[in-house]
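# Observations on the three-dimensional arrangement
Each chain, letter by letter, is given below.
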Amino acid sequence: MGYLVKGALDREIPLHTNVNVEELIGDGERVIGVRATRDGETLYIKANRGVVLAVSSYERNASYAKTLGHQLKVESMVMPSINGAHLRLAGPVGGRVARVPDVTLLGFHVPGEEQENGVPLWRGALPFLGLPHTIVVNRAGKRFANEGFYRYIYYATDIIDGNTQTHPNYPCWAILDQQARDKYPFGSLMPGQPMPEALRVSADSLEQLAEKIGVDAAALGGTVERFNGFCETGVDEDFHRGTHPWGALMCGDQSRQPNANLGPLERGPFYAIPLHRLAGGGIAASGLVADQHCQVMGWNDEPIAGLYVAGNSQACLDNGAFMQSGITNARGLTHGYLAGRNAAGKPSDLLQQAIQRLGL
Ligand SMILES: Cc1cc2nc3c(=O)[nH]c(=O)nc-3n(C[C@H](O)[C@H](O)[C@H](O)COP(=O)(O)OP(=O)(O)OC[C@H]3O[C@@H](n4cnc5c(N)ncnc54)[C@H](O)[C@@H]3O)c2cc1C
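Bear in mind that the values here come from a model prediction, so they are computed numbers and not experimental data. (Residues numbered from 1 in each chain as written. Predicted model: local features only at pLDDT ≥ 70, side-chain atom pairs only at ≥ 80, totals over all residues. Heavy atoms only, no water.)

## A word on the overall build of the protein chain
Put simply, the rule reads: Comment: elements are numbered from the N terminus, with helices defined as DSSP H or I runs of at least four residues and strands as E runs of at least two. Using a 1.4 Å probe on the protein chains alone, a residue whose accessible area is under 20% of its type maximum counts as buried, one over 50% counts as exposed, and one in between counts as partly exposed. What makes two residues a contact is simply this: any of their non-hydrogen atoms within 4.5 Å. In these tables, accessible area is a Shrake-Rupley quantity obtained with a 1.4 Å probe, and a residue counts as shielded only by the protein chains included in the view. Under the convention used here, Asp and Glu are negative, Lys and Arg are positive, and both His and the chain ends fall outside the count. One atom stands in for each charge, and that atom is NZ of Lys, CZ of Arg, CG of Asp or CD of Glu.
In terms of regular secondary structure, the protein chain is built from 11 helices and 14 strands. Viewed in the frame of its principal axes, the protein chain has a C-alpha envelope of about 70 × 55 × 50 Å. Relative to its 360 residues, the protein chain shows a buried fraction of 48%. Restricting the contact set of the protein chain to residue pairs at least 6 apart, pairs at least 24 apart contribute 66%. Accessible surface, the protein chain as shown: approximately 18,200 Å² in total, 55% of it carbon and sulfur. Distance from the positive charge centre (31 side chains) to the negative charge centre (36 side chains) of the protein chain: 5 Å.

## What to know about helix H10 (residues 328-343)
Cut-off, in case you're wondering: One less than the residue count of a helix, multiplied by 1.5 Å, gives the span that helix is expected to have.
An ideal rise of 1.5 Å per residue puts 22 Å on 16 residues; H10 measures up with 22 Å between its terminal C-alpha atoms. Buried residues along H10 sit against strand S13 (295-297) and strand S14 (303-309). Just past H10, the residue Gly345 takes up positive phi, approximately 80 degrees.

## Structural notes on the nonpolar core
Worth spelling out the cut-off: Here, the term nonpolar core denotes a set of buried Ala, Val, Leu, Ile, Met, Phe, Trp, Tyr and Cys residues that are joined through side-chain atoms within 4.5 Å.
Phe108, Ile153, Tyr154, Leu176, Met195, Ile273 and Leu275 are the most contacted members of the largest nonpolar core, which has 32 residues in total. Within the residue set of this core, elements represented by two or more residues are strand S6 (105-114), helix H4 (126-129), helix H5 (150-158), strand S9 (172-176) and strand S11 (270-278). Here Leu275 is in contact with Leu106, Gly107, Ala125, Leu129, Val136, Tyr170, Cys172, Trp173 and Ala174, once residues within four sequence places are set aside. If you look at the next biggest cluster of nonpolar residues, it comprises 19 residues, including Ile135, Leu206, Leu209 and Phe227.

## Here we look at the side chain of Arg143
Test applied: Contacts described as polar in this section are N or O atom pairs within 3.5 Å, which, within protein, must combine one atom able to donate a hydrogen with one able to accept it, while residues neighboring in sequence count only if both atoms come from side chains.
When you line up the elements, Arg143 lands in the loop between strand S8 (134-138) and H5. Only 2.8 Å separates the side chain of Arg143 from the side chain of Glu147, close enough to count as a polar contact. At a separation of 2.9 Å, a polar atom in the side chain of Arg143 contacts the side chain of Asp236.

## Things to note about the packing of aromatic side chains
Put simply, the rule reads: Only rings of Phe, Tyr and Trp enter the pairing, Trp through its six-membered ring, and a pair is recorded when the two centres are within 6.5 Å. The plane angle decides the type: under 30 degrees is stacked, over 60 is edge-to-face, the rest tilted. Whether a charge sits over a ring comes down to the Lys NZ or Arg CZ being within 6 Å of the ring centre and within 35 degrees of the ring normal.
Under the definition given, this model contains eight aromatic pairs. Their ring planes at 65 degrees and their centres at 6.0 Å tell us that Phe149 and Trp246 sit as a pair that is edge-to-face. You can see Phe149 sitting in the loop between S8 and H5 and its partner Trp246 sitting in helix H9 (residues 245-251), a full 97 residues away along the chain. Take Phe149: its relative accessible area is 17%, and that puts it in the buried class. Connected via pairs of aromatic rings, a cluster forms that spans Phe149, Tyr150, Tyr154 and Trp246. Cation over ring: Arg277 sits above Tyr170, and NZ or CZ is 5.2 Å from the ring centre.

## Side note on the domain arrangement of the protein chain
Selection rule: Marked domain ranges trace back to an automatic or database domain assignment.
One can read the domain layout of the protein chain as domain 1 (2-69 + 78-100 + 286-358) and domain 2 (123-273). Its C-alpha centre places domain 1 at a distance of 39 Å from the equivalent point of domain 2.

## A closer look at H5
Under the convention used in this document: This arc is built from the directions going out from the helix axis to the C-beta atoms.
For H5, the full list of buried residues reads Tyr150, Ile153, Tyr154, Ala156 and Thr157. All buried residues of H5 project into a common sector of 160 degrees when viewed along the axis, lining one side. At its buried positions, H5 is contacted by S6, H4, S8, H9 and S11.

## With respect to the sheet that holds strand S4 (residues 51-53)
Quick reminder of the rule: DSSP bridges decide pairing: two strands pair if at least two such bridges lie between them. For helices, the axis comes from a line fit to the C-alpha atoms of the stretch in contact; other axes are also lines fit to C-alpha atoms, and the angle between any two N-to-C directions lies between 0 and 180 degrees.
What the three strands build is an open sheet, ordered S4-S14-S13; its pairing is mixed. Only two strands of the sheet have a single partner each, and these edge strands are S4 and S13. Looking at each pair of strands side by side, their axes are set apart by 55 degrees on average, direction ignored.

## Here we look at the pairing of strand S7 (residues 120-124)
Pairing of S6 with S7 involves four bridges; the strand directions are antiparallel. Bridging from a neighbouring strand, Phe108 pairs with Arg123 of S7.

What follows is the structure, encoded as structure tokens:
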């Protein structure tokens, strides 16, 4: 962001903050500007080359999160302003929408941590779930995924058991022992800092902990015993935790060898933190369909002249119609580059080059 802002300032390009874009303006052939408001005042901004929609996604809009993301709750890590403006803006000019499955994130809210307007600040649990001395269990008291790799555990959380018509792995809890609390942060809670009671359940033994959260004590005890055995050998035979370099680096403890993601749960008190499904962590997948120059496509499969889309406002179709995750900043930067080239009348031929190189 710093480089982008500097680049704009160096070129004397004006930046307007606290502006809410409310409508696209067209002349019947192309998009030529926007109507916006700032402090109750209406602004009309003309766009000679085009308008780039880069207002992120819909994660804070309950109705859109439900119908596009299939998420029933809107707890999210993103700002309240991320509420689907791109869909409202592009709808009247015929912008086409693709629905791509969202990933369900797991998170928690530390009581007292709020964003603007008192909206709770939800924190993603991912960086803490794969740490040593920590596991995630379902209501059967069983681990169900590699906690150190989000593309595994988040999929597993969404699984539906067709026979029982339930989510067998949700609700779920992060279970950790005192060693984890002594060594590692948990969100904003630094090592050794007490965990607010409203955030967790704790007990001196695993049996008591299981009872408090309504999980079968023998099952939880068996799960921990098996996991502790994996910690001795350094090999998670059930879910291969620690085998992804990403997981070892992002949510492992490099001082633990041979496996940065394994460490036994053995020293009380023990803690259970209920994990909440989050509608988003800034990686919502549905959005506006674009061509290779990031021009918004209409339902007639023709690009809408003068309208571009970048970042999370664009449907994530680079993996196919499949769950998306991560690399959103790289994706957004690329979109901005491609849209800018096209709007300047110098469209990028990167796609053609890639097609040629791959012999497609
Ligand atoms: C905790 C966390 C960690 C993350 N880590 C990574 C990471 O490591 N790597 C990575 O690539 N991505 C990461 N992401 C995701 C990444 O931050 C987002 O995907 C990215 O910021 C989205 O960029 P964007 O430009 O699409 O939207 P944003 O950066 O969200 O910007 C959209 C802007 O548009 C404004 N806006 C909305 N509506 C209007 C309107 N009507 N008029 C005017 N303005 C409007 C919003 O206020 C906002 O300022 C992370 C996200 C979170 C929450």
